[in-house]
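Structure at a glance
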Amino acid sequence: MTNEKNSAFTLDVRENGVAVVTMDVPGESMNTLRAEFADEINHVLDQIEGNKNIKGVVLISGKASSFVAGADIGMLDKCTTAEEAEQLSLQGQATMQRIENMPVTWVAAINGPALGGGLELAMCCHYRVCTDSDKTVMGLPEVQLGLLPGSGGTQRLPRLIGLQAGMQAMLTGKQFRPKQAKKAGIVDEVVPHSVLLDVAIEFALKRKPAPRQPKLNLVGKLLERTPFGRQVLFKQARKQTLSKTRGNYPAPERILDVLEAGAISLAKGYKTEAKYFGELVMTPESRQLRNIFFATTEMKKEHGVDGVEPAKVAKAAVLGGGLMGGGIAYVTAKAGIPARIKDIRAEGIANAMKYSFDLLMPRVKRRIMSKALMQKQMALLTGSTDYAGFKNTDIVVEAVFEDLKLKQQMVADIESQCAETTIFASNTSSIPIGQIAAQAARPENVIGLHYFSPVDKMPLAEVIAHSGTSDQTISTTVAFARRQGKTPIVVKDGAGFYVNRILAPYMNEAACILLAGEPIEHIDKSLLNFGFPVGPMKLLDEVGIDVGSKISPILVADLGERFTAPDAFDKLLQDDRKGKKNKSGLYDYNGKKPGKAVDESVYTLLGISPRQQLSDDQIAERCVLLMLNEAAMCLDEGVIRNARDGDIGAIFGIGFPPFLGGPFRYMDSLGIDHVVARLNYYAGVLGDKFKPAEVLVKMAAEKATFY
Ligand SMILES: C[C@@H](O)CC(=O)SCCNC(=O)CCNC(=O)[C@H](O)C(C)(C)COP(=O)(O)OP(=O)(O)OC[C@H]1O[C@@H](n2cnc3c(N)ncnc32)[C@H](O)[C@@H]1OP(=O)(O)O
């Protein structure tokens, strides 16, 4: 065995002629690919080429549960020119082409994540064997970083699984589970971890596979293997991509360019891949997306309170079997934590359980999940219309109606029915936690844990500590939310906490613009083009016009008149328009395409003759500026601990455009002086609600930035 001191690679030539190359980057929990490894890996390749006894090679990771997590994103972040980044790509391509062209058979033995450059490394091998571990995933997620696969992946994946499948995988960053990867043709075998190396060694002793084409049906062959078919395919793909990105994300378009080049010639494909990889590394969009990766990775290591270890949560309970309760129970059981659901009606419990069933059954049918695993997760859900089984719960999450008295009663019930250490976490979206805890015997155990709907999809959770919440409660709740797969941010108690507080002025301004006569679809299109996943008018229908109207008075009482909602909301509610939930809102939910067309009768109800008067940019600027201003006030008042939490909270909570990095990074990119100037302009035209936050005025004067 040869292993240069501190080398990332060791070479062990077995008696049977199989060389095992183990990648184990010293001191790192994950293997990543770095330019500095080039000499090391080429030295290993030289040794293999120089040893005629070697009949085959297995490439395996020395990490317990990960293969290779891709190129080192920190390395990419340090690039200062597109040419520098392009060289990294060309270097990666060359190394992988060298492996692919070696006379001996190479086998990638994958356990755990093989992502980005990690999958590219596996694809230059001649066979791939992976484990059936829950941690084993394969994919090319570069697009989520504003990049494209830069070490040959754009050319190898389509040749392995087909152009359409490869295109889809790269445009979405899809992660393949072991069985999916086998079915798609990414791996040749899926085995238990205990025999991974043995099976890989068997493959290494085989001859290289004959050149193979992915299996395609007739339509697939016509689309992928004829020039005319590819022309149709790429035209459709570009149209779909632009309809999703609205031109805000360059990477998907470059991926299609590279795929189209590669369909003509492999050499052209590699050349174009390196060129565009280099350019994308330097785009502001990719920089912002990489910042999100660094922020969320850093947050994974935080407990919410420095130096306070979380208590163990062995069992949880959920009060309320509605939409939120069902979602909370789902993510709890998915984390492997038993969840007891209490509702006043048995139907409520059944409804909560059905939430999980409806999410899991399709996965079983698509063979993404085994029936046994589904049954195991469902078995963690139990229910009761009383407090039986609550005695040994460590945390109870309350998700009942937004009624203060009811929530205070829930606190009293839990304090009498559960252990003295049991945490009471309220999923309230707006009621100050201090008020909910006002009559608690153990207020130190009371905390807010605010999820966003749909709970199984939205990654953010706000952890709201009132003045009496103990550090232990905070730390345990943060850890619990993280086990549920959430990205928790700890926010200070107060009406609307952080996310709903910055959302309210944004939504109110959209309503004002509507009342001034701007068409609903134009308002939504403007904010969609800005980069939000849904327009404010559609969001109002989705969340519920009644919910929005309940939050406003709470915000006005706690934070001031600037949160007063336009009377449009009252007029809509008087007409029983709650939105999507009762199929009557700003959009028409009764036609053939529910929610697609505006319900024109709204204009009559509001006394409006819709006419486009403002530009997209004017609409977006007015709504977004108020969100930015409120975010700055939240930071200044300590509602959020830092700009990073504010950015991640806005992106993960309300879909603030990720390519802009979040409110604070966006203000930095605009320039604080520009933000203040525009706020002052609108304050002069539209009133004090646009008055710039004092903190922004001060920062502008000092030419300060948030980062
Ligand atoms: C050549 C081209 O194709 C370009 C590329 O390959 S771009 C990179 C593509 N790869 C990715 O986008 C994967 C990014 N990583 C992840 O998604 C996750 O880390 C994971 C799913 C691999 C593992 O998740 P988890 O188990 O939660 O572990 P952490 O996220 O906490 O990560 C553990 C530590 O590894 C560091 N790390 C992970 N991936 C990378 C990477 N690509 N570059 C640099 N560092 C990476 C992460 O920062 C953690 O480090 P720490 O020191 O423990 O904080």
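Residues numbered from 1 in each chain as written. Predicted model: local features only at pLDDT ≥ 70, side-chain atom pairs only at ≥ 80, totals over all residues. Heavy atoms only, no water.

**Observations regarding the overall build of the protein**
Under the convention used in this document: Only runs of H or I of at least four residues qualify as helices and only runs of E of at least two qualify as strands under DSSP, and these elements are numbered from the N terminus. Atoms counted for the radius of gyration: C-alpha only. Globule rule: 2.2 Å times residue count to the power 0.38. Accessibility here uses a 1.4 Å probe with only protein chains present; expressed as a share of the type maximum, an area under 20% marks a residue as buried, one over 50% as exposed, and anything in between as partly exposed. Any two residues having at least one pair of non-hydrogen atoms within 4.5 Å are treated as being in contact.
Secondary structure assignment for the protein yields 30 helices and 17 strands. Here the protein has a C-alpha radius of gyration of 28 Å; the compact-globule value for 707 residues is 27 Å, and the two agree. Its C-alpha atoms put the protein at 80 × 60 × 55 Å along the principal axes. Out of the 707 residues belonging to the protein, those deemed buried represent 56%. In the protein, the share of contacts with a sequence separation of at least 24, taken over all contacts with a separation of at least 6, comes to 73%.

**Some thoughts on a positive patch on the surface**
Put simply, the rule is: Patch definition: residues with relative accessible area over 30% and no salt bridge; like charges joined within 9 Å; nonpolar side chains (Val, Leu, Ile, Met, Phe, Trp, Tyr) joined within 5 Å. In these tables, accessible area is a Shrake-Rupley quantity obtained with a 1.4 Å probe, and a residue counts as shielded only by the protein chains included in the view. Each reported salt bridge corresponds to a side-chain nitrogen of Lys or Arg within 4 Å of a carboxyl oxygen of Asp or Glu. Positive charges come from Lys and Arg, negative ones from Asp and Glu, while His and the chain ends are left out of the count. The atom standing in for a charge is NZ when the residue is Lys, CZ when it is Arg, CG when it is Asp and CD when it is Glu.
On the surface, a cluster of positive charge is contributed by K174, K334, R363 and R366. Here K334 shows up in helix α14 (residues 323–334). On the accessibility criterion, K334 (56% relative accessible area) is exposed.

**A word on the site of the ligand**
Rules: Here, proximity means that at least one heavy atom of the residue falls within 4 Å of the molecule or strand. Two N or O atoms count as a polar contact when they lie within 3.5 Å, although within protein this holds only if one can serve as hydrogen donor and the other as acceptor, and sequence-adjacent residues are included solely when both atoms are side-chain atoms.
Around the ligand, a shell composed of 23 residues is seen, among which G117, E120, E142, K300 and K301 lie nearest. The separation between a nitrogen atom of the ligand and a polar main-chain atom of A69 is 2.9 Å. Residue I73 places a main-chain N or O atom 2.9 Å away from a nitrogen atom belonging to the ligand. Elements supplying a minimum of two residues to the shell around the ligand: α4 (117–123) and α13 (284–299).

**Focus: the environment of E36**
Mapped onto the elements, E36 comes out in the loop between β2 (18–23) and α1 (38–50). According to the relative accessible area criterion, E36 is exposed, its value standing at 54%. Sequence separation between E36 and M75 is 39 residues; the distance between their C-alpha atoms is 10.0 Å.

**Thoughts on the side chain of D72**
Following the sequence through the fold, D72 ends up in the loop between β3 (56–61) and α2 (73–77). At a separation of 2.9 Å, a polar atom in the side chain of D72 contacts the side chain of R34. Reaching out from D72, the side chain makes a polar contact with the backbone nitrogen of G74 at a distance of 2.7 Å. Those residues within four positions of D72 in sequence are excluded, and the remaining contacts are T32, L33 and R34.

**Focus on helix α11 (residues 250–264)**
Under the convention used in this document: Helices are assigned an expected span. That span is 1.5 Å times one less than the residue count.
Spanning 15 residues, α11 covers 22 Å between terminal C-alpha atoms, matching the ideal 21 Å at 1.5 Å per step. Burial in α11 covers these residues: P250, A251, P252, I255, L256, D257, V258, L259, A261 and G262. Contacts from the buried residues of α11 go to α5 (153–161), α6 (163–172), α10 (227–245), α12 (266–281) and α13.

**Some words on the nonpolar core**
Just so we agree on the cut-off: Residue types Ala, Val, Leu, Ile, Met, Phe, Trp, Tyr and Cys, when buried and joined through side-chain atoms within 4.5 Å, form a set referred to as a nonpolar core. Throughout the structure description, domain borders are defined by an automatic or database domain assignment.
By size, the foremost hydrophobic cluster in this structure holds 95 residues, and its most contacted members are Y498 and L696. Taken domain by domain, the makeup of this core includes at least three residues from each of domain 2 (316–495) and domain 3 (500–638 + 671–702).

**What to know about the packing of aromatic side chains**
Which entries qualify depends on this criterion: Only rings of Phe, Tyr and Trp enter the pairing, Trp through its six-membered ring, and a pair is recorded when the two centres are within 6.5 Å. The plane angle decides the type: under 30 degrees is stacked, over 60 is edge-to-face, the rest tilted. As a reminder, the over-ring test applies to NZ of lysine and CZ of arginine, requiring each to be within 6 Å of the ring centre and within 35 degrees of the ring normal.
Per the counting criterion, the structure on display carries 15 aromatic pairs. Judged by centre distance (6.5 Å) and plane angle (85 degrees), the ring pair of F530 and F656 falls under edge-to-face. In this pair, F530 sits in helix α21 (residues 520–530) while F656 sits in the loop between α27 (643–654) and α28 (663–670), placing the two residues 126 residues apart along the sequence. When its relative accessible area of 14% is taken as the criterion, F530 is described as buried. Members of the aromatic cluster, joined through ring pairs, are Y506, F530, F532, F656 and Y666. Positioned over the ring face of F176 is K174, at 4.9 Å from the centre of the ring. The ring of F203 is capped by K206, whose NZ or CZ atom sits 4.0 Å from the centre of that ring.

**Considering the sheet that holds strand β14 (residues 423–426)**
The condition is simple: Two strands pair under a simple rule: DSSP has to find at least two bridges between them. Helix axes use the C-alpha atoms of the stretch in contact, all axes being lines fitted to C-alpha atoms, and the angles between their N-to-C directions lie in the range 0 to 180 degrees.
Strand order in the open sheet made by the eight strands is β12-β11-β10-β13-β14-β15-β16-β17, with mixed pairing throughout. Each having just a single partner strand, β12 (381–384) and β17 (487–492) make up the two edges of the open sheet. Each neighbouring strand pair of the sheet contributes to a mean axis angle of 25 degrees, computed without reference to strand direction.

**Let's talk about the pattern of salt bridges**
Tallied over the entire structure, the rule returns 36 salt bridges. Between R156 and E100 there is a salt bridge; the shortest N-O distance is 3.1 Å. A residue pair is termed long-range when its members are at least 10 positions apart, and R156 in helix α5 and E100 in helix α3 (residues 82–100) qualify at 56 residues. For E100, a relative accessible area of 30% gives the class partly exposed. In this structure, R622 engages E509 in a salt bridge whose closest nitrogen and oxygen atoms are separated by 2.7 Å. With R622 in helix α26 (residues 616–637) and E509 in helix α20 (residues 499–515), this pair connects stretches of sequence that are 113 residues apart. Among the residues examined, R622 registers a relative accessible area of 11% and is labelled buried.

**Let's talk about unusual backbone geometry**
Trans peptide bonds make up the majority, and among non-glycine residues the majority have a negative phi. Going from S453 to P454, the amide bond is cis rather than trans, its omega being -5 degrees. Residues other than glycine seldom take positive phi values, yet D576 does so here, at roughly 55 degrees. Looking at the element boundaries, D576 is found in the loop between α24 (568–574) and α25 (601–606).

**Let's talk about the pairing of β3**
As a general feature of sheets, a regular strand has side chains that alternate between the two faces. Quick note on the threshold: Consider the strands pointing away from the viewer: the crossover is right-handed when the path from the first strand over the helix to the second runs clockwise.
Counted residue by residue, β3 has six buried out of six residues, so it is predominantly covered. Where burial is concerned, the two faces of β3 agree: the one with G56, V58 and I60 and the one with V57, L59 and S61 are both buried. Examined bridge by bridge, β2 and β3 share six bridges and lie parallel to one another. Across the sheet, residue V21 finds its bridge partner in β3, namely L59. The handedness of the β2 to β3 crossover, carried by α1, is right-handed.

**Examining the UniProt feature "domain: 3-hydroxyacyl-CoA dehydrogenase NAD binding" (unreviewed entry) in the protein**
This is how it is decided: UniProt positions are given in the numbering used here, feature names are shortened, and annotations may be inferred rather than shown by experiment.
Per the UniProt record, "domain: 3-hydroxyacyl-CoA dehydrogenase NAD binding" (unreviewed entry) is annotated on residues 315–493. Counted over residues 315–493, helix gives 40% and strand 21%. Its end C-alpha atoms are 26 Å apart.

**Some thoughts on the UniProt feature "domain: 3-hydroxyacyl-CoA dehydrogenase C-terminal" (unreviewed entry) in the protein**
Per the UniProt record, "domain: 3-hydroxyacyl-CoA dehydrogenase C-terminal" (unreviewed entry) is annotated on residues 496–589 and 619–702. As annotated, residues 619–702 comprises 74% helix and 0% strand, and the C-alpha atoms at either end are separated by 29 Å.

**Quick notes on the sheet that holds strand β4 (residues 105–110)**
Spatial ordering of the open sheet is given by β1-β2-β3-β4-β6-β9, a layout of six strands whose pairing is mixed. The open sheet is flanked by β1 (9–13) and β9 (189–191), the only strands paired with a single partner. Strand-to-strand twist across the sheet, computed as the mean angle between neighbouring axes with direction ignored, equals 20 degrees.

**Details of a nonpolar patch on the surface**
Residues Y681, V685 and L686 make up a contiguous nonpolar surface patch of about 270 Å² in total accessible area. Tracing the backbone through its elements, the reader meets Y681 in helix α29 (residues 672–686).

**A few points about α10**
Rule in force here: By arc we mean the arc of the directions from the helix axis to the C-beta atoms, nothing more.
Taking 1.5 Å of rise per residue, 19 residues should cover 27 Å, and α10 covers 26 Å from first to last C-alpha, within 8% of that figure. Residues G229, R230, L233, F234, A237, T241 and T245 constitute the buried set of α10. Projected down its long axis, α10 carries its buried residues within an arc of 120 degrees, all on one side. Facing away from the buried side of α10 by more than 90 degrees, the exposed set consists of F228, Q231, K235, K239 and S243.

**Notes on the domain arrangement of the protein**
Applied cut-off: Each of two parts loses accessible area, computed with a 1.4 Å probe, when they are put together; buried area is these two losses added. Gly is put with the polar residues, along with every residue not named as nonpolar or charged; the nonpolar set is Ala, Val, Leu, Ile, Met, Phe, Trp, Tyr, Cys and Pro, and the charged set is Asp, Glu, Lys and Arg.
Assigned domains within the protein: domain 1 (9–282), domain 2 (316–495) and domain 3 (500–638 + 671–702). Here domain 2 and domain 3 have C-alpha centroids that lie 30 Å from each other. Each side of the interface is counted separately: domain 2 has eight residues, and domain 3 has nine residues. Both sides of the domain 2 and domain 3 interface together cover about 640 Å² of buried area, and 55% of this is carbon and sulfur. When residues of domain 2 are sorted by the area they lose upon contact with domain 3, S430, K492 and A495 head the list and together hold 63% of the total. The interface formed by domain 2 and domain 3 holds three residue pairs in polar contact (both at pLDDT 80 or more) in total. Considered class by class, the residues forming the side of domain 2 that touches domain 3 number three nonpolar, four polar and one charged.

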